[in-house]
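Summary of structural features
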Amino acid sequence: MVPFVDEEFFEFLKSEYPETLPTHGRRPLGIDDLPNKRFDTIVQGRASYDLALKEGVTSPYAHLREYVASRTLTESPDPNVEIISTDLVGRVRELKAEDKRFGIYLCGGSAVAGELVDEVDELVVKTYPVVLGTGMPMFGSGFEVSAFVPDSVRTFGNGVVVRTYHRKR
């Protein structure tokens with residue numbers, strides 16, 4: 001979705017979600033010194049992590065604690081990246097139980113999101129004005145209905161819409 005990161009949307013990302021921008025892209029953009037605002041940890045699926053590995057980047061979010069959920073990747077190619085191969089839910093619950101100021105960013109992977117659906121406290125849904133084939137589910141697994149409450153909607157001039165929701169408890 002890089003073509004949609006125009007000046008307005010980029011300013012939003014820098015001011016609201018700077019830590020979601022990969023480390024290897026921050027320095028060329030002159031924003032590698034931006035402090036984290038919401039997250040200090042990232043959990044990503046194997047396919048999302050593979051995108052970085054294909055580019056030779058073994059720690060795409062070096063400014064965060066990095067975890068990759070994978071049943072097939074047996075060894076981490078980077079000391080900053082921990083592989084979670086069993087009990088993903090248990091490990092995420094341990095991370096959530098830590099006494100810390102920042103949250104956990106779940107990046108990509110509908111199967112991982114489906115496995116962690118009961119642990120998700122907030123949704124940040126970015127919608128782009130483009131159709132890509134049949135798409136994929138946001139949460140790739142069967143589960144009971146999980147209710148979320150709308151928090152905010154932000155529409156950008158380029159057609160991107162960012163909606164946030166919190167879990168209804």
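Remember, predicted model here, so these are calculated numbers, not experimental data.

Even without being glycine, D87 reaches a positive phi, approximately 50°. Of note, D87 is situated in the loop between β3 (81-84) and α4 (88-97). Classification of D87 by relative accessible area gives exposed; the value is 55%.

Now for the nonpolar core. In this structure, F9, F12 and V160 are the most contacted members of the largest nonpolar core, which totals 18 residues. Elements with a contribution of two residues or more to this core: α1 (7-16), β1 (39-45) and β4 (103-107). Examining the composition of this core, we find that four residues originate from one element, α1, more than from any other. Residue contacts for F12: discarding those within four places in its chain leaves Y17, R154, F156 and V162. Y67, I84, V112 and L116 belong to the second-largest nonpolar core, a separate cluster that totals 10 residues.

Another aspect to go through is the sheet that holds strand β5 (residues 122-127). Strand order in this open sheet of three strands is β5-β7-β6, and the pairing throughout is antiparallel. Looking along the sheet, the strands with just one partner apiece sit at the ends: β5 and β6 (148-155). Geometrically, the sheet is characterised by an average inter-axis angle of 15° between neighbouring strands, direction not taken into account. Pairing analysis gives six bridges linking β5 to strand β7 (residues 161-167), with the strands arranged antiparallel. Counterpart to L123 in the pairing with β7 is Y165. Relative to β6, α1 is tilted by about 135°, and along the sheet it contacts β5, β6 and β7.

Parameters and conventions
Residue indices begin from 1 for each chain and proceed along its sequence in written order. pLDDT decides what is reported in this predicted model: residues at 70 or higher carry local features, side-chain atom pairs at 80 or more are listed and counted, and totals for whole chains, interfaces and linings draw on all residues regardless. Water and hydrogen atoms play no part in the side-chain values, which are based on all heavy atoms of the structure. Here a helix means four or more residues in a row that DSSP labels H or I, a strand means two or more in a row labelled E, and each is numbered from the N terminus. Only protein chains enter the accessibility calculation, which uses a 1.4 Å probe. A residue is then buried if its area is under 20% of the maximum for its type, exposed if over 50%, and partly exposed in between. We define the nonpolar core as a collection of buried residues of types Ala, Val, Leu, Ile, Met, Phe, Trp, Tyr and Cys that are connected through side-chain atoms lying within 4.5 Å of one another. A contact between two residues is defined here by any heavy atoms of the two lying within 4.5 Å. A pair of strands is considered paired only if DSSP assigns at least 2 bridges between the two. Angles run from 0 to 180 degrees between N-to-C directions of axes, and those axes are lines fitted to C-alpha atoms, restricted for helices to the stretch in contact.

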